[in-house]
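Structure assessment
Each chain is listed here by its residues.
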Amino acid sequence: GDSVTQMEGPVTLSEEAFLTINCTYTATGYPSLFWYVQYPGEGLQLLLKATKADDKGSNKGFEATYRKETTSFHLEKGSVQVSDSAVYFCALSGSGAGNNRKLIWGLGTSLAVNP
Amino acid sequence: KAGVTQTPRYLIKTRGQQVTLSCSPISGHRSVSWYQQTPGQGLQFLFEYFSETQRNKGNFPGRFSGRQFSNSRSEMNVSTLELGDSALYLCASSLDRLDGNYGYTFGSGTRLTVV
């Protein structure tokens, strides 16, 4: 079945460092891909998404490119801030109705940014 | 506009009891999904409701059930609670788009502790 694999954390960086969180997926068809972020004590927030190959999602300085050839959707940010400390989840969903509509999640990657 | 509202935020129950959690989606959103989040298993899909009908279901035992009302508010119920049911239960609402290009808006969750 469909699955998402994320790099394990925790990831610890200094402020202004470059961030990459790897995400690869296995899916039939052409899924949509998402990054969600969960700040301490809060629910999940959609960070960015991409719905077809070569699409780039971006938001708040974060970017991820839908790479069908490598089945990847790596999250990047050029200069992280302390406020980016959170848990980041990669997820996919199918493109049709029925069972494809549920989100399949990675296990999450915890990011801690030190001043 | 108001976000997704989940009540209560925290709950402590005893093994064998039952519990009901509530979720009010964003106004206009007709789809409501429920997820269980635990440190060991990550995020797991419970079920999805649309227009008062369960449209999709995850791999959870029959002790987990839900429903959706005509105003799109949803409840989930867990009967005969077990220690392993301790988790953060997240509700998400979305517009119903058939092309898969959608994102969920999550509530802050209900933290259930079973003792």
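The structure under discussion appears in the preceding block.
Residues numbered from 1 in each chain as written. Chains lettered and ligands numbered in written order. Predicted model: local features only at pLDDT ≥ 70, side-chain atom pairs only at ≥ 80, totals over all residues. Heavy atoms only, no water.

Remarks on unusual backbone geometry
In this structure, the amide linkage connecting A:Gly9 to the following residue, A:Pro10, adopts the cis form with an omega of -5°. Positionally, A:Pro10 belongs in the loop between β1 (3-6) and β2 (11-14). With an omega dihedral of -10°, the bond running from B:Thr7 to B:Pro8 counts as a cis peptide bond. Relative to the elements of secondary structure, B:Pro8 occurs in the loop between β1 (5-7) and β2 (10-13). Even without glycine at this site, A:Glu16 takes up a positive phi of about 80°. Checked against the element boundaries, A:Glu16 lands in the loop between β2 and β3 (19-21). (Helix = DSSP H or I, 4+ residues; strand = E, 2+ residues; numbered from the N terminus.)

A short note on the packing of aromatic side chains
All told, the structure shown has 14 aromatic pairs over all chains when counted by the stated rule. Where A:Tyr25 meets A:Tyr66, the ring centres are 6.1 Å apart and the plane angle is 80°; that geometry is what we call edge-to-face. Here A:Tyr66 lies in the loop between β8 (62-65) and β9 (75-77) and A:Tyr25 lies in strand β4 (residues 23-26), a separation of 41 residues in the sequence. For the residue pair A:Tyr25 and A:Tyr66, the accessibility class agrees, reading buried in each case. Centroid distance B:Phe60 to B:Phe64: 5.1 Å. Interplanar angle 65°. Geometry classified as edge-to-face. Of the residues examined, B:Phe60 reaches a relative accessible area of 14% and is grouped as buried. We classify B:Phe64 as buried; its relative accessible area is 3%. (Phe/Tyr/Trp six-rings, centres within 6.5 Å; stacked < 30°, edge-to-face > 60°. Buried < 20%, exposed > 50% of the residue type's maximum accessible area, 1.4 Å probe, protein only.)

Brief notes about the state of the cysteines
All names here are of chain B. Considering all chains together, one arrives at two disulfides over all chains under this definition. Two residues share a disulfide in this structure: Cys23 and Cys91, whose sulfurs sit 1.7 Å from each other. Residues Cys23 and Cys91 share a disulfide whose torsion about the S-S bond is about -55°; that sign makes it left-handed. Residue Cys23 is located in strand β3 (residues 19-24), and its partner Cys91 is located in strand β9 (residues 87-94); the two are separated by 68 residues in the primary sequence. Comparing Cys23 with Cys91 shows no difference in burial state: the two are buried. (Disulfide = S-S within 2.5 Å.)

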